[in-house]
Amino acid sequence: MTVEDRERLEAERLRTVQQLTSLSRDFDAVVEASKDSNADDEHDPDGATVAFERSQVDSLLQQTRRHLDEIDDAQSRLDEGSYGVCESCGRPIATARLEARPVARTCIECASAGR
């Protein structure tokens, strides 16, 4: 594909790594704050909030890690020459779709059809 594709993926990777770092700090802060508390998540009204925050940040961390894996996969496809080719129908993925979702594996038609 093009230099722009590589730059787009590198920018997406950098943004995602920064987000991962920030979320990791947030998670560590929530865990640290809950250590200093004697809150019983089950019986303390604030405990449920702390547990929810911890769960929410953990979910975001997992989602961000998966996205980082998707970026790495897209960069591998770029190196192999298959980036920008729909894995379902084999047609090119529109540039606008790749700009909006750099890790896209399928064209918009196949994605809409659930393929």
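Residue positions are given per chain, counted from 1 along the sequence in the order it is written. Local features are withheld for residues below a pLDDT of 70 in this predicted model, meaning they are given only at 70 or higher, and side-chain atom pairs are given and counted only at 80 or more; totals for whole chains, interfaces and linings count all residues. Hydrogens and water are ignored here; the side-chain numbers use all heavy atoms of the structure.

Novice: Would you take a moment to explain the pattern of salt bridges for this structure?
Specialist: Once the charged atoms of two side chains with opposite charge are near each other, the side chains can pair. When a carboxyl oxygen of Asp or Glu is within 4 Å of a side-chain nitrogen of Lys or Arg, the pair counts as a salt bridge. Taken as a whole and assessed by the stated rule, the structure comprises seven salt bridges. The closest approach of N and O atoms between Arg6 and Asp79, which form a salt bridge, is 3.1 Å. With Arg6 in helix α1 (residues 3-35) and Asp79 in helix α2 (residues 45-80), this pair connects stretches of sequence that are 73 residues apart. A salt bridge links Glu87 to Arg105, with the nearest nitrogen and oxygen atoms 2.7 Å apart. Of this pair, Glu87 sits in the loop between α2 and α3 (95-100) while Arg105 sits in the loop between α3 and α4 (108-112), and the two are 18 residues apart along the sequence. Through salt bridges with shared partners, a single network forms among Asp73, Arg77, Glu87 and Arg105. Each helix is a run of DSSP H or I of at least 4 residues and each strand a run of E of at least 2, with the numbering of both proceeding from the N terminus.

Novice: I tried to follow the environment of Gln19 on my own but got confused; where do I start?
Specialist: By the secondary structure assignment, Gln19 is in helix α1. We call a residue buried when its accessible area falls under 20% of the maximum for its residue type, exposed when it is over 50%, and partly exposed in between, using a 1.4 Å probe and counting protein chains only. A relative accessible area of 34% means that Gln19 is categorised as partly exposed. Taking the C-alpha atoms as reference, Gln19 lies 7.5 Å from Thr64; in sequence the two are 45 residues apart.

Novice: Can you help me understand α1 in this one?
Specialist: Quick reminder: α-helices carry 3.6 residues per turn. Residues three or four places apart thus point the same way. Here a helix's expected span is defined as the number of its residues, less one, multiplied by 1.5 Å. Taking 1.5 Å of rise per residue, 33 residues should cover 48 Å, and α1 covers 48 Å from first to last C-alpha, within 8% of that figure. Burial in α1 covers these residues: Asp5, Arg8, Leu9, Glu12, Thr16, Leu20, Leu23 and Val30.

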